[in-house]
Amino acid sequence: MLRRILLAGVASAVVFLPSARAADVETVVVTASPVAGDIDRFATIVAKLDRDDIIQQGGGTLADSLSNIPGVSSSGFASGAGRPVIRGMDASRVRVLEDGTSSSDVSDVGPDHGVPIDPLSTQSIEVVRGAATLRYGSQAIGGVVNALNNRVPTELPDKPFTGEADASYDSVSDAGQVALMADGSAGQFAFHADGFYRHADDYATPLGTQANSFMRGDGYTAGASFFPDPGTHFGLAVIHYDAKYGIPSDTTFIDMRQTKVIGRAAIDLGGDLFQALNIDASYATYAHNEDDPLGGGAFDVVSTFRNREYDGRAELLLGDIGPFTNTAVGTELQSREYQALGDDSAFLFPTLTQTASLFVFTELPIGSRIHVQGSGRVEDSDITGTPASDVFTARNFVPISGAVGVLFDLTDALKLGFTASSTARAPAITELFARGAHDGPLTFETGDPTLRMERANSLEGTFRVRLDRFHLDASAYYTAFDHYIYGALTGRTCDDDGNCIAGPGNELRELNYTQASAHFYGGEVQGTYDLWQHGTGTLSAEVQGDYVRARLAGGLNVPRIPPWRVGGGLSWASDSFNAGIKAFYVGKQDDFGAFDTPTPDYVSLDATLAWRPFASRPGTEIALIGHNLTDDLQRNAASFNKDIVAMPGRDIRVVLRTAL
């Protein structure tokens, strides 16, 4: 077991840009601290994908874009529905944000519900764990995924106009997609606009076409900011998102739409103590229909899910207080109204969640070699709903959480980090109040309105090497949960009315939300080594892997945990030409939950060719990208529908990009 953990693992701190050597690139992140800074100054390892990486990876969800980051995978339920899974944790333990504010959807209510943030409209994605997650909520025990897209400009551009156009086609689903982005300035105003469109048919697998796996999507945004003084700006953006995608384990499809308004402000206070005030807020109305096709293009609207949500954060940046630097204190207010109409309205009656929070984050340098980060958060959460007892229930929770991380710069090239945290989480609305059939995952779910708060006590160690030709990021972690909340299959099957029998026979598997002690442990590693340099080109080798093991009290396995994986490859990067090949081995998942099934192992081979033909226009690129070139049969152990839904087979994608 120890040998497997040491072999595998990942929490890759940096996803390196293909057009430059890693040692020459300083990667800056904004999610891990109130003050943007070097990615290597934190005790935990932060992952960041830039625009190049997002376009190269492809896929219709944020989780697809992140799937090659060690320790991160996807719930993979449908082409349009896949939440990030971090170290075996998803849904209410991974908070998905857009420019620091809530994604405001119902993806935590069911795995068939998508996140209304498309990678085509995203400029970078940051994955943060450790002390900084408490700035964004106790619903981030696993981590924070923040999609950054500059829809509300935070800097005044130095050019009157810049832009980008991307177009691609893939063979596995006959998919075409296009995206446009533009930024500009006029006087003291900055402007942003973006739009995208994607059209994918049912995708191919080694077993044939996966029925009802299509996806359509489009969206557009307009935003602007006013910069009256240096360090101060006020901005607003309006975002609209539409998507339609099939549920491959069913015959229904989801028609999703969201309209969101995001406001952002930064005010330079100019004081020695009170330096700046940052305010981020969003208001979103979300709805999706679950439609049953009737033939001939007609369909019946079976159910409608609605979500109306407000999220507002104010963060005050303070000057040095004794030895403490980069200190921020803040507050966050959230209000979420959820309801369902139609056949699935019995699954979860209307709920209201209102949360008020206070948080603090600070950094403490000790000499020039030791850096400490600390954070704390207290929340007051009121949740109301109606469980299966039909008795309207109001619950109040006060999660209190804290974390501290220490980074030791052993030398200029070696860094050692330690993080300890104790994080409490209030139960989610589905865990408390679910009460019926959910046709997407084919489950009959029952929540428990008496659930207690969940607490995760975690320890993590990290090790980084930063030499001229060799980079290494490695981590190992252990998390002990008190009152871990999970959906437990009972082995019974039910009909839509809740009539259940032992064993198979009905369409829906019975799933009850319950609590138990749980233990998660694992490791992650990623390393790159520059083998050879010639002119502007560098030949590099990379290896990476990850492993997570999760057990419940009594020796049972936590359900739906991703298996271990290991991979590596070679890449060539130069000013005009990139090429790379990478192979991944994903192990069998034999440690499956009660009344679940094992998942077989598989191999995935990926390759990339990219050519920038014009030296005067380095932003113009033609790329050929291959995924799963071995056409291996792949199933996702973290997915509810893995036994009846295969992942996409061999895919060849052509990408055209140009800077405007």
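1. Section: the overall build of the chain
Moving on, step 1. Looking only at helices and strands, the chain has four helices and 37 strands in total.
Moving on, step 2. For 660 residues, the compact-globule formula gives about 26 Å, and the C-alpha radius of gyration of the chain, at 24 Å, lands near that figure.
Moving on, step 3. Its C-alpha atoms put the chain at 70 × 55 × 55 Å along the principal axes.
Moving on, step 4. By the burial criterion, 56% of the 660 residues in the chain qualify as buried.
Moving on, step 5. At a minimum sequence separation of 6, the contacts of the chain that also span at least 24 residues come to 65%.
Moving on, step 6. A total of about 25,000 Å² of accessible surface is found on the chain, and carbon and sulfur atoms cover 60% of it.
Moving on, step 7. Treating the 50 positive side-chain charges of the chain as one cloud and the 82 negative ones as another, the clouds have centres 4 Å apart.

2. Details of the nonpolar core
Moving on, step 1. Ranked by size, the top nonpolar core spans 39 residues in total, and within it Val 109, Tyr 245, Tyr 338 and Leu 348 carry the most contacts.
Moving on, step 2. Counting only elements with at least two residues in this core, the list comes to strand 16 (232–246), strand 17 (253–268), strand 20 (325–342), helix 4 (429–433), strand 29 (470–494), strand 31 (508–534) and strand 36 (621–627).
Moving on, step 3. Once residues within four sequence positions are removed from consideration, Tyr 338 is found in contact with Val 106, Val 109, Phe 305, Arg 306, Asn 307, Leu 348, Phe 349, Pro 350, Thr 351 and Ile 429.
Moving on, step 4. Val 72, Val 96, Val 115 and Ala 147 belong to the second largest nonpolar core, which has 16 residues in total.

3. Concerning the packing of aromatic side chains
Moving on, step 1. One pass over the structure, following the stated rule, counts 14 aromatic pairs.
Moving on, step 2. With a centroid separation of 6.2 Å and 45° between ring planes, the pair formed by Phe 305 and Tyr 338 is classed as tilted. Of the two residues, Phe 305 is situated in strand 19 (residues 298–318) and Tyr 338 in strand 20; the sequence distance between them amounts to 33 residues. Accessibility assignment for this pair places Phe 305 and Tyr 338 in one class, buried.
Moving on, step 3. Geometrically, the ring pair formed by Tyr 484 and Tyr 486 is stacked, given 6.1 Å between the ring centres and 20° between the ring planes. Take Tyr 484 and Tyr 486: they sit in the same class, and that class is buried.
Moving on, step 4. Three or more aromatic residues link up through ring pairs in this structure, and these residues are Phe 481, Tyr 484, Tyr 486 and Phe 520.
Moving on, step 5. One residue, Arg 435, lies across the ring of Phe 349, its end atom 3.7 Å from the ring centre.

4. With respect to the state of the cysteines
One way to say it: the disulfide is the covalent bond shared by the sulfur atoms of two cysteines.
Moving on, step 1. Summed over all chains, the structure comprises one disulfide.
Moving on, step 2. The disulfide that involves Cys 494 links it to Cys 500, with 2.0 Å between the sulfurs. On the sign convention where negative means left-handed, the S-S torsion of about 100° between Cys 494 and Cys 500 marks this disulfide as right-handed.
Moving on, step 3. Take Cys 494: its relative accessible area is 0%, and that puts it in the buried class.

5. Section: the pattern of salt bridges
Moving on, step 1. All told, the structure shown has 42 salt bridges when counted by the stated rule.
Moving on, step 2. Residue Glu 363 pairs with Arg 41 through a salt bridge whose shortest N-O separation is 2.7 Å. Placement of the pair is Glu 363 in strand 21 (residues 351–366) and Arg 41 in the loop between strand 2 (37–38) and strand 3 (47–49), with a sequence separation of 322 residues. Considered together, Glu 363 and Arg 41 belong to a single accessibility category, that of buried residues.
Moving on, step 3. Measuring nitrogen to oxygen at the nearest pair gives 3.7 Å for the salt bridge that ties Arg 313 to Glu 315.
Moving on, step 4. Since its relative accessible area comes to 4%, Glu 315 is described here as buried.
Moving on, step 5. Here the residues in one salt-bridge network are Arg 95, Asp 99, Arg 135, Arg 264, Asp 280, Asp 311, Arg 313, Glu 315, Glu 332, Arg 377 and Glu 379, joined through shared partners.

6. Looking at the side chain of Arg 93
Moving on, step 1. As for its placement among the helices and strands, Arg 93 is situated in the loop between strand 5 (84–86) and strand 6 (94–98).
Moving on, step 2. Those residues within four positions of Arg 93 in sequence are excluded, and the remaining contacts are Gln 139, Ala 140, Ile 141, Gly 142, Gly 143, Arg 425, Glu 454, Phe 481, Tyr 484 and Ile 485.

7. Thoughts on the sheet that holds strand 3
Moving on, step 1. In spatial order, the strands read 3-8-9-6-7; together these five strands make up an open sheet with mixed pairing. At either end of the open sheet lies a strand with only one pairing partner, and these are strand 3 and strand 7 (101–102).
Moving on, step 2. Bridge count for strand 8 (residues 124–128) against strand 9 (residues 143–148) is five bridges, and the pairing is antiparallel. Of the residues in strand 9, the one forming a bridge with Ile 125 is Ala 147.

8. A look at a negative patch on the surface
Moving on, step 1. On the surface, Asp 300, Asp 343, Asp 496, Asp 497 and Glu 507 cluster together into a negatively charged patch.
Moving on, step 2. Position of Asp 497 among the secondary structure elements: in the loop between strand 29 and strand 30 (500–502).
Moving on, step 3. Residue classification places Asp 497 among the exposed positions, given a relative accessible area of 68%.

9. Some remarks on the pairing of strand 33 (residues 565–573)
Moving on, step 1. Of the pairings in the sheet, the one linking strand 32 (residues 537–552) to strand 33 comprises nine bridges and is antiparallel in character. Paired with Gln 544 across the bridge in strand 33 is Gly 567.
Moving on, step 2. Sheet topology places strand 33 next to strand 34 (residues 577–586); nine bridges connect them, and they run antiparallel. Bridging across to strand 34, Val 566 finds its partner in Tyr 585.
Moving on, step 3. Two successive antiparallel strands, strand 33 and strand 34, enclose a turn made up of three residues.

10. Examining the side chain of Asp 546
Moving on, step 1. With respect to the element layout, Asp 546 can be found in strand 32.
Moving on, step 2. One polar contact links the side chain of Asp 546 to the main-chain amide nitrogen of Gly 71, over a distance of 2.7 Å.
Moving on, step 3. Among the polar contacts listed, one links the side chain of Asp 546 to the side chain of Arg 565, at a separation of 2.7 Å.

11. With respect to unusual backbone geometry
Moving on, step 1. Positive phi is not limited to glycine here, since Ala 91 has a value of about 50°.
Moving on, step 2. Structurally, the position occupied by Ala 91 is in the loop between strand 5 and strand 6.
Moving on, step 3. The backbone of Asp 174 sits at a positive phi, close to 50°, despite the residue not being glycine.
Moving on, step 4. Within the secondary structure layout, Asp 174 lies in the loop between strand 10 (161–170) and strand 11 (175–186).

12. Topic: a nonpolar patch on the surface
Moving on, step 1. Together, Phe 577, Leu 609, Trp 611, Ile 622, Leu 624, Ile 652, Val 654 and Leu 656 line one region of the surface with nonpolar side chains, adding up to about 660 Å² of accessible area.
Moving on, step 2. Secondary structure elements with two or more residues in the nonpolar patch: strand 35 (602–611), strand 36 and strand 37 (651–659).
Moving on, step 3. With three residues, strand 37 is the largest single contributor of residues to the nonpolar patch.
Moving on, step 4. Within the secondary structure, Ile 622 is located in strand 36.
Moving on, step 5. Ile 622 sits in the partly exposed class, given a relative accessible area of 37%.

13. Topic: the pairing of strand 8
Moving on, step 1. Counted residue by residue, strand 8 has five buried out of five residues, so it is predominantly covered.
Moving on, step 2. Of the two faces of strand 8, the one lined by Ser 124, Glu 126 and Val 128 and the one lined by Ile 125 and Val 127 are each fully buried.
Moving on, step 3. The sheet contact formed by strand 3 and strand 8 spans three bridges and is antiparallel. What sits directly across from Lys 48, in strand 8, is Glu 126.

14. As for the environment of Leu 120
Moving on, step 1. As for its placement among the helices and strands, Leu 120 is situated in the loop between strand 7 and strand 8.
Moving on, step 2. Under the relative-accessibility criterion, Leu 120 is labelled buried at 6%.
Moving on, step 3. For the pair formed by Leu 120 and Gly 60, sequence separation is 60 residues and the distance between their alpha carbons is 8.1 Å.
Moving on, step 4. Excluding residues that lie within four positions of it along the chain, Leu 120 makes contacts with Arg 51, Ile 55, Gln 177, Val 178, Ala 179, Met 181, Phe 196, Tyr 197 and Arg 198.

Cut-offs used in this document
Residues numbered from 1 in each chain as written. Predicted model: local features only at pLDDT ≥ 70, side-chain atom pairs only at ≥ 80, totals over all residues. Heavy atoms only, no water. Helix = DSSP H or I, 4+ residues; strand = E, 2+ residues; numbered from the N terminus. Rg over C-alpha atoms; globule rule 2.2 N^0.38 Å. Buried < 20%, exposed > 50% of the residue type's maximum accessible area, 1.4 Å probe, protein only. Contact = heavy atoms within 4.5 Å. Areas by Shrake-Rupley, 256 points an atom, 1.4 Å probe, with all protein chains shown as cover. Lys, Arg positive; Asp, Glu negative; His and termini not counted. Charge placed at Lys NZ, Arg CZ, Asp CG, Glu CD. Core = buried A, V, L, I, M, F, W, Y, C linked by side-chain atoms within 4.5 Å. Phe/Tyr/Trp six-rings, centres within 6.5 Å; stacked < 30°, edge-to-face > 60°. Lys NZ or Arg CZ within 6 Å of the ring centre and 35° of its normal. Disulfide = S-S within 2.5 Å. Salt bridge = Lys/Arg side-chain N within 4 Å of Asp/Glu carboxyl O. Pairing = 2+ DSSP bridges. Patch = residues over 30% accessible without salt bridge, like charges linked within 9 Å, V, L, I, M, F, W, Y side chains within 5 Å. Polar contact = N/O pair within 3.5 Å; in protein donor to acceptor, adjacent residues only side chain to side chain.

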